Structures are given as C-alpha cells and as structure tokens.
Amino acid sequence: MPVRWSGPAVAGAVIVALMAALAVAGPIVWGDAAERIDAGAILQGASAEHPLGTDNLGRDLLARVLVAGRFSLALALAATLIGAVAGILLGTLPSVLPRRAARLATGTVNALVAFPGLLLAMFTAVVAGLGARGAVLGIGAAIAPGFARLTQTLAATVAGADYVSAARMLGVPRRRILSRHVLPNIAEPLILNLTQALGGALLGLAGMSFLGLGVQPPSFDWGRLLFDGFSRIYVTPEVALGPAAAVALAGIGFNLLGDALARAAARTTVRKAEEPPAPPAEPDEPDPGAVLDVRDLTVTFPGGSNPVRGLSLTVAPGEVVGLVGESGSGKSLTAAAIGGLVPYPGKVTYGRLHLGGRDVATLSDKELGTALAMVFQDPLAALNPALKVGGQLAEVAVVHEGASRAEARRRAVDRLGQVHLPEPERRAAQHPHELSGGMRQRAVIAMGLMGTPRLIIADEPTTALDVTVQRQILRLLREVVAETGAATLFISHDIAVVGQLCDRVVVMYAGRVVEELPADRLAEGAAHPYTRALIASLPGLDTDRTRPLAGIPGTQPAPDQVGPGCAFAPRCSLATERCTTERPELDAHGPRQRVACWEVS
Amino acid sequence: MPDTSGLETPGTVTGPPFPPPGRAPEAVRRAARRRARVVVRRAVRFAVSLAVLLAASFAMIHLIPGDPVRTALGPTAPVELVEARRAALGLDRPLPEQFATYVTNVLSGNLGTSFITSEPVGEVIAARLPNTLALALLATLLALPAGVPLGMWAAVRTQNGRNRGSELTFGSVTGTAVAVPEFLYAIGLVSAFAIGLGWFPPAGKAGPITYVLPVLALAAGPVAMIARIARVETLRELGKDYVRLARAKRLPARRLHLRHVLPNTLTATLTVCGLLLTSLIAGSVLVEFVFAWPGLGLKIVESITQKDYPVAQGVILVYGAIVLVVNLAVDLLLGALDPTSEIREQS
Ligand code: SF4
C-alpha cells in the first residue's frame, strides 16, 4: 500500500509534523508566557509586544495559542482512540455474533452512520455534562460509527478470502478466525484511516469548545480560545484570528495527509490500467472510388508504444470489409482512429485518411456526424441510460440538420421501423433498459441511419448478443448496406462470423495487417500462418467461438515489445532465422490477396 | 428484405415480448410489486429507526448521572422545588410507565416544558425550526448549482490525465475547502464582510440580507464536496460507450456534457446531497451560534449550557427525526428517479 507523495500529501505531512512538534515543545517554551498575568495589559488588541493581543487577565494570546496545541491534540487523540476502539468492536461484532444479532449490529451501525456526528456528540454532552470529558466522549461517539462501518466492510472482504474459508472449513472457531486472520489483515487500512479521523476529532472538539460545551476554564484549547476571542470580535477581531488559524491549519493538514493515507489504504486492490490494443497494416495503390482510403495509419501512445502501425486499408461503396484479429491486435483502435475517437494520450498520424474522397481533417462535424455511423459491442453501454431511445436518435437530425423536434422524431421512428424494431412509436418513447439486447443494437444501427451514412464502422457488434440475435443483427447489417450503399468496416475477433458476412477480410496481428483476401477464399486460400491458425482453431460451427486461438500456443506481443522481425515469429511453426530479424512486407499473393510472410511469398 | 420482426425475445423482460397496449403484462406487474416491496421495506426501516430514536431520547435524561433535576437546579435549590419538578416530570414513577407516558406525549405533540422559561418545548421548536431549515435548504440550493458545474468542468479538463496541474490544483483547493469547518468560514465571513467592510449585519435575523453570510458559511464546504463528487462521477461517465457514440455523432461539447453526461451523474450527486442536507442541519448549529441566528442550533447550545434538559431532549429528537425523514426521502426519490433501478433490484 504505497502512499503517493503528491504535493498536497507532502504539505499535509509537514503541517502534521509541525503540529506534533508544537504539541511537544509548545508548553515547555511558551508555558510561562501563556500563564503570566499582567493587570496592566488586559483585553488588548494586537501590538508589537502581543502580536495577537491579550485576554481578560492580560495573558499573551499568541503564547496561549501555541501552548493550547498540546491539549487540543491530546483531546483529539483521546477522542479518536475511544471512537476507533468502540467502532472496531462494534464493527467486528457481526463476525462473532449469531446471525440474528449480527444483523442487528450491522443495522445499528448503518443507522448510526447516517447521523451527523455533531448530533451524537450533543447527545453525549447532555448526558456527560459540560467539559472536556463530555466533549471527548461525544466526539468519540461521533467517530465510532464510521470506524464500525469501515471495519465491517474490510472484514467482509477478508472473510471472503481463501485462507479464511480454509480456516473455517478446518473448524477453526470464529473468534479465533477473527483474531488470527481478519484483524491482522485489516489493521493497516484501519490505522491509515486514523489520521483522517484524528483531523475530524480535532475539528469536532474545537467546535464543541467554541460552542462553550467543551473545555471549560481555566483549561483552554483552541476551541476555547476561539470562544473567548469571538466574544470580542467587534472590538479586536485579530484576537479570534490566532486560534481560528490554528484550527484551520490543523484541520487542513490532517485532512490532506489523511486523504493520501486513506487513498493508499483503499488501493489494496489496485486495478490495472487497461492497455490500449495494437494493430498492423500495409498499403496499396490508391483507389479513387473508395469510400474509405487509409494510408499509413499509426496510433502512438506516450512511451513510444504503437498499437497501430502503418496500417493501410480501402473500403469500396457497398463493400463489407472484415477486420479480424485477437484482442490486442489493434483492430478496435484502428476503428477508433478512423472515427476520430482515440482516447486522449493517444496520437493518430496518417499518410492519408480519406472519407468519400476527402481528408477527414477537412470535414465538418455536420458532415462527419451524418456520414459516419458507428456500432459498438455492448448496445446497452452505447445508449445513454438516462435518455429516451427516440431522443437519442432524433438529436442527430436536430443538431446537424436543424430539423424541428417533431420532424426529427418522426424520422427517428421511421428509422427504428427500418431496422425492424417492432412498435417503433412505443420503443422510441422508452429508455434503453426497457429494450432487449437485440432491440438495443437495432436502435444503435438506426441511429447511424439518421444521417446519410457513407461508412459504417461496426466494432464487434454481435459479440455481446446471444447466437439467435447475432444472426438477426448480421442479416440486418447486410440489408442496411444493400439499401444505403454504405461501405462497412466490420471488426471482429471471430473469423467465422467475418467469413459469413464480409466481402473481404483483413487480418491484423500486433498492430499490422498480415493478410488481406476475399472472404470466399478464406477456407482454401488463406496463406499466412496466423490466418491459417485462426481458421484451424475454429471448431465445429456451433461450439464456443469466443476463444479463436485456443490452439496456438503463446500470446500476441504487447505493442512496445514487437521486435524487428515478424511479430508472429515466436508463435509460428514455420519461423526461420530471417523471420526474427527482418519484417516481411505485405505483398501480392495471387489475385486480390496480399500476405506479409517470408515463407509464403 | 427478410422479415425479422418478432423473432427476438426481450432480454430483461419475461413474458410475451410485445404485450398489446392496455393490458399490463406479467413482467410489469411483477416490477410494480417489487417496487412496492422496496417501499414497504424502507418504510419499516424508517419506523424502526424512529422507535429507536424515541427510546434514545427518553434514555438520555435517565443516563444523566445522579438526579437530572438536582443537577439542573443546582445544589442550593430547595428540596421541595426539586421534588415538585420531579413529580411534574413524572420521574418518581416506574420506568416503563414513564416511557409509555413519554411516547404518548411525544406522539400527541407534547414535548414537555422548559426548565428555564416554562414554555412548552413544542412551541419553542416550532418557532425556531423554520429558521434552521431555511438556512440548510438555501445552502443546499446554493451548493448544488455551484458545485456540479465546477466538478464537471474539472472532469472535462482533467480527463484521461491531461492537465495534471489543473487536477492537482482542483484537488488541493477543494480538499482544503472541505477540511475547513463551517464555523471558521462563519468567523472569517463575519470579520471580513460584517465587521471589516460593513456590508452585512454581523448577526441576527432581520430580512433577506441577514441570510447571506450564514448561508455562504454553510455552503462553502458542501460546494467543494459536491464538486469533488461531480468530478469523479463525470469522469466515470466520460469513459463510457454512450459518450463515445455521442462523440461519433459529432455532437457539440455543450450538448454532450449537459444532455448526455449530466443526467447520468445526478443519481450519485443527489445521494450525496441527501447526506449533505443532514450534515448541514447539524453544521448549522455552529453557524447559528456565530450569527446568533434564532434557530434550533442556537437553542440546543443554550439548553445544554443551561441544563434545560427537556428542551435539549426535544431538539435532539427533532433533529434526529429530520435526519431520518431526509434519508427516507432520498431513498424513495432515488428509487423513482433512476430508470435502471428496476433492473438493479432484480439482480
Ligand atoms: S514471416 Fe516467418 S514468422 Fe512470420 S508468419 Fe511468416 S513464417 Fe511465420
């Protein structure tokens, strides 16, 4: 659980360290000055001699603020310890009590957490009476529920761990499991959270004393000094300043440090950042009739990783091109790059990226928004859960074509009907979660039809759907292409689906195109060892096709680990010396087919 | 063109796929029942909490060490007076009877009589509660429209780790703002704007202008808190597919953020607001003290200091009840607002 020492965390640590030093040294250094009564200097404002003024006995307020640090921190510490111990006991109760009592304990904690701490503190203050003791007990009581909740949450996580299950199966008593296994494992996050609680206790106690409910004279803490200073705020506002600054600084310091520590505590289960996937490619002669014409497309991420490198691709009107590869081959990032949707740190460069014969950089949002249709894998995620289906379709027309709401809505219903969504009127008025998976995907496709799509980019559009629905969606895509004449880039890991749907297949591996061939040649004509492996790994038609490469040992190299040679070499049975040192270019291999492999051409 | 209509079975809804209009399909009825069950469960929880609260406020007086009346009246008070008070409070009866009387009284609106002023506690509270609620509500109404856009703006600026500097600044500023307790804001505002510049009256409640400083003091922390939460929520939404699709549609940034992202961040923000409202009600105790605001908070401080136990007991009971009511309201509101809650209840 490493703590990230960002600027704020360091500032917090420094402030807390200063506070601790003040608590130790303050009374020793300034103790006498704080108690020295000076009848000639009563209730003074700021002066050179008394920078923060004096109190009703003429005692120097700066010295008193500096001295009060120890008492304030000590009280806060006491309250925190009381709260933490009570909270941890309360929080572990559910793991040792019988089930019913455990539920009661959990319920109590949940109810108490919802109560503002100050309210609990007031309750205790009534019972325990005015004074430091009552305030400390009260703030302790206010802190306890939070700790109880934290303990419960942490203990529940640990209780699910294998070693606890094992101990339980071995018949280890619950109390022993708690003390031997659970508590030691949650101790660290609990301790890290103490800092935050300490800051809260300090502020809470200052508040109680400020209200006159906490520390009573002749004792004094920061809150009490503030109470005294506040009564004089009209005459000498500066006397309230010192204690206020001390409280604020302490609160900020503990909070900043506590925040960093609590974050570290929460980071026990670190989520790995998702690596962007990687692709390949090869160019050929420019195609004047192509809807999509991509040359040397490269996507770069900071650190020099190129998940897509030098990819070239053309798609003709009405043509369906399948882009196949395992996850990490860069196929989805290629789609994102063409759609202008590469996430922030990624940079897209290209020799040419033409849509309908024009550079995409010169196209307006209106042109792009109506000419490009995108379909994603999970239609539920792709639709905005908060908006009605019809509205999400209609806005394309409203935003880009200035259509009236009624006209846009009419068109939306029409398009929903076009994709065979039953009862389009009713569906348009519903939210996405009220539709089935297949209906949602139809709605997304209909959204693409709101404009006049020239290019449809479908990124794994059927992967999240069940088999029957998959077939319907594929049929629908075919139909839409036939009707609109749009070019389609169909991205999939599933070479069988691609073979059924597409006219042409482009196979990607580690960011590059390794083979390009007509779909009907897939079965007999595939030449590249990787393509062949993909096809060979296809089992019967109705077995699970989600892991097409179960048969090939090894994995695809990460974008920054591709050597100078053929990226497939480590997994290739035909690989030679040359394959590891020199990269094969994409070369013609019979009519309408191109392959990047030394052993094939 | 193949006819594919009616082939698919809806995924989340069972029963006939396309029910004829007008007849509630089984699934809809089941969803309604599920919803009703949730409401009932929440209501039961509320009732139980209320009962516990009543018991706790009753117990409060009895937990005071020694004789509360003697403690309140002081050691010099004549024995007869103490005895008379004890009898008036019913403290000489058996505990169960006292509790029964207490519950009956509270339910009929009788919260006892002040030791100090002999006013009925119920009236005192009724006179002051609106002043406290006004502060808390105004502060919420101010914090929400200030905090949410701030957080969204920060999220859009710092998305995917761009503008690390802004992220750090935002984090430190809001982190600091959250850490400063409301009574320090109150004192700072009073010194600067009431005493220093003389723009606002320093204390009391007399007309709209007196609301300004207390509401600001109360709202400062929550603005930062809401901004932080709105930022996290917005960042999460910005990473979702529907935002990608909306980007693919080339929607203008304003529309993307306001129409698509904002509604999806509101559920979490509203939950926080509920909690915030309850903490604002508590926080108003300190702010009221600074501004001598005639609300419940000032009253409870007075009553504790003066050992006016019936008033303290009544005010704490009312505060507790407000917290419970607000939490119940937030729960029910979220259930009604979130279009996907139905699915979530299922799983
Ligand atoms: S170039 Fe070599 S390593 Fe690469 S696929 Fe062909 S034979 Fe295999």
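Here the structure is a predicted model, which means the values were calculated and not measured.

Q: Can you explain the overall build of chain A? Please cite residues and give values.
A: Check the secondary structure of chain A and you find 21 helices and 13 strands. A fraction of 69% describes how many contacts in chain A between residues 6 or more apart in sequence connect residues 24 or more apart. When the accessible surface of chain A is totalled, it reaches about 25300 Å², and 59% of it is carbon and sulfur.

Q: Talk me through the sheet that holds strand S10 (residues 504-509) of chain A; I want residue IDs and the actual numbers.
A: Residue and element names in this part refer to chain A. Within the open sheet, the eight strands sit side by side as S7-S8-S9-S3-S10-S11-S13-S12. Their pairing is mixed. At either end of the open sheet lies a strand with only one pairing partner, and these are strand S7 (372-375) and strand S12 (587-588). Note that strand S3 (residues 320-324) and S10 share four bridges and pair parallel. Residue Leu323 lies in a different strand from S10, and its bridge partner there is Val506. Along the sheet, helix H20 (residues 529-536) makes contact with S10 and strand S11 (512-518), crossing S10 at roughly 105°.

Q: With reference to specific residues and values, describe helix H13 (residues 389-401) of chain A.
A: In this model, H13(A) (13 residues) spans 19 Å end to end at C-alpha, consistent with the 18 Å of a helix rising 1.5 Å per residue. Of all the residues in H13(A), the buried ones are Val389(A), Gly390(A), Gln392(A), Leu393(A), Ala394(A), Glu395(A), Val396(A), Ala397(A) and His400(A). Lining the buried residues of H13(A) we find helix H11 (365-371), helix H14 (405-418), helix H15 (424-428) and helix H16 (437-448) of chain A together with helix H10 (253-291) of chain B. Positive backbone phi, approximately 60°, marks Gly402(A), located one or two places after H13(A).

Q: So what's going on with the UniProt feature "transmembrane region" (unreviewed entry) in chain A? Which residues, and what values?
A: All names here are of chain A. Within the UniProt annotation, "transmembrane region" (unreviewed entry) is assigned to residues 71-97 and 109-130. Within residues 71-97, the helical portion is 96% and the strand portion 0%, while the C-alpha atoms at the span's ends are 38 Å from each other. Overall, residues 109-130 shows 77% helix and 0% strand. The separation of its end C-alpha atoms is 27 Å.

Q: Tell me about unusual backbone geometry, and name the residues and values.
A: A positive phi angle, close to 50°, is found at Glu460(A), a residue other than glycine. Structurally, Glu460(A) can be placed in the loop between strand S8 (455-459) and helix H17 (467-484). With a relative accessible area of 7%, Glu460(A) lands in the buried category. A positive phi angle, close to 55°, is found at Lys307(B), a residue other than glycine. Within the element layout of this structure, Lys307(B) appears in the loop between helix H11 (296-305) and helix H12 (309-337).

Q: Tell me what's going on with the UniProt feature "transmembrane region" (unreviewed entry) in chain B, and back it up with residues and numbers.
A: All names here are of chain B. Per the UniProt record, "transmembrane region" (unreviewed entry) is found at residues 43-64, 133-156, 168-199, 211-230, 265-291 and 311-334. For residues 211-230, the helix share is 100%, the strand share is 0%, and the end-to-end C-alpha distance is 27 Å. A helix fraction of 100% and a strand fraction of 0% characterise residues 311-334, whose end C-alpha atoms lie 35 Å from each other.

Q: Describe the environment of Val324(A), and please don't skip the residues or the numbers.
A: All names here are of chain A. Along the chain, Val324 turns up in strand S3. Under the relative-accessibility criterion, Val324 is labelled buried at 0%. Sequence spacing of Val324 and Ile495 is 171 residues, and the spatial spacing of their C-alpha atoms is 6.3 Å.

Q: Please provide a residue-by-residue account of the packing of aromatic side chains, values included.
A: For the structure shown, the criterion picks out nine aromatic pairs over all chains. Between the aromatic rings of Phe58(B) and Tyr102(B), the centroid separation amounts to 5.7 Å while the plane-to-plane angle is 40°, which identifies the pairing as tilted. Linking Phe58(B) in helix H1 (residues 26-63) with Tyr102(B) in helix H4 (residues 95-107), this pair joins segments that are 44 residues apart in sequence. Grouping residues by exposure puts Phe58(B) and Tyr102(B) together as buried. Here the aromatic residues Phe210(A), Phe227(A), Phe183(B) and Phe289(B) are joined through ring pairs into a cluster of three or more. When the ring centre of Trp598(A) is taken as reference, the NZ or CZ atom of Arg578(A) above it lies at 3.6 Å. The cationic tip of Arg244(B) hangs over the ring face of Phe376(A); the distance from NZ or CZ to the ring centre is 4.0 Å.

Q: Describe H10(B), and please don't skip the residues or the numbers.
A: Residue and element names in this part refer to chain B. Helix length check: H10, at 39 residues, gives a terminal C-alpha distance of 43 Å against a target of 57 Å (1.5 Å per residue), a shortfall beyond 12%. Within H10, the axis deviates most sharply at Leu262, by approximately 45°, and proline Pro263 lies no more than four positions further along. Ala292 sits one or two positions beyond H10 and adopts a positive phi of about 45°.

Q: Explain the interface of chain A and chain B to me, and be specific about the residues and the numbers.
A: Counting from both sides, the interface comprises 79 residues of chain A and, opposite them, 78 residues of chain B. Of the roughly 6900 Å² buried between chain A and chain B on both sides combined, carbon and sulfur atoms contribute 71%. Of all residues in chain A, Val126(A), Tyr344(A) and His433(A) give up the largest surface area on contact with chain B, accounting jointly for 10% of the area buried on that side. Applying the counting criterion to the chain A and chain B interface returns two salt bridges. For Arg255(B), the salt bridge goes to Glu395(A), with nearest N and O atoms at 2.7 Å.

Q: Give a detailed account of the packing of helix H8 (residues 209-238) of chain B against H10(B), specifying residues and quantitative values.
A: How two helices sit against one another is set out by the angle between their axes and by the gap between those axes. Residues and elements named next belong to chain B. Running from amino to carboxyl end, H8 crosses H10 at an angle of 155°, the nearest separation of the two axes being 8 Å. Classified by the interaxial angle, the pair formed by H8 and H10 is roughly antiparallel. Along this stretch, H8 crosses H10, giving a crossing that reads as right-handed. Here the contact of H8 with H10 is composed, by residue class, of 17 nonpolar, seven polar and two charged.

Q: If you had to explain a nonpolar patch on the surface to someone new, which residues and values would you point to?
A: Residue and element names in this part refer to chain A. Where nonpolar side chains cluster on the molecular surface, the patch consists of Trp5, Val10, Val14 and Leu18 and spans about 410 Å² of accessible area. Along the chain, the position of Val10 falls in helix H1 (residues 7-35). We classify Val10 as partly exposed; its relative accessible area is 40%.

Q: Describe the pairing of S7(A), with residues and values.
A: Residue and element names in this part refer to chain A. Burial of the side chains of S7 extends over both faces: Leu372 and Met374 are buried on one face and Ala373 and Val375 on the other. Note that S7 and S8 share four bridges and pair parallel. Paired with Leu372 across the two strands is Leu455, which belongs to S8.

Q: Go over the packing of helix H9 (residues 241-248) of chain B against H10(B), please, and point to the residues and values.
A: Residue and element names in this part refer to chain B. Running from amino to carboxyl end, H9 crosses H10 at an angle of 170°, the nearest separation of the two axes being 11 Å. Comparing their axes, H10 and H9 come out roughly antiparallel. Here Tyr242, Val243, Ala246 and Arg247 of H9 come into contact with H10, specifically with Leu256, His260, Val261 and Asn264. Its residues assigned to classes, the contact of H9 with H10 comprises five nonpolar, two polar and one charged.

The rules behind these values
Residues numbered from 1 in each chain as written. Chains lettered and ligands numbered in written order. Predicted model: local features only at pLDDT ≥ 70, side-chain atom pairs only at ≥ 80, totals over all residues. Heavy atoms only, no water. Helix = DSSP H or I, 4+ residues; strand = E, 2+ residues; numbered from the N terminus. Contact = heavy atoms within 4.5 Å. Areas by Shrake-Rupley, 256 points an atom, 1.4 Å probe, with all protein chains shown as cover. Pairing = 2+ DSSP bridges. Axes fitted to C-alpha atoms, helices over the stretch in contact; angles between N-to-C directions. Expected span 1.5 Å × (residues − 1). Buried < 20%, exposed > 50% of the residue type's maximum accessible area, 1.4 Å probe, protein only. UniProt positions renumbered as here; feature names shortened; annotations may be inferred. Phe/Tyr/Trp six-rings, centres within 6.5 Å; stacked < 30°, edge-to-face > 60°. Lys NZ or Arg CZ within 6 Å of the ring centre and 35° of its normal. Bend = angle between axes of the 7 residues up to and from the residue. Buried area = accessible area lost by both parts, 1.4 Å probe. Salt bridge = Lys/Arg side-chain N within 4 Å of Asp/Glu carboxyl O. Parallel < 35°, antiparallel > 145°, perpendicular 65-115°, else oblique. Left-handed = near helix turned anticlockwise from the far one by under 90°. Nonpolar A, V, L, I, M, F, W, Y, C, P; charged D, E, K, R; others polar. Patch = residues over 30% accessible without salt bridge, like charges linked within 9 Å, V, L, I, M, F, W, Y side chains within 5 Å.

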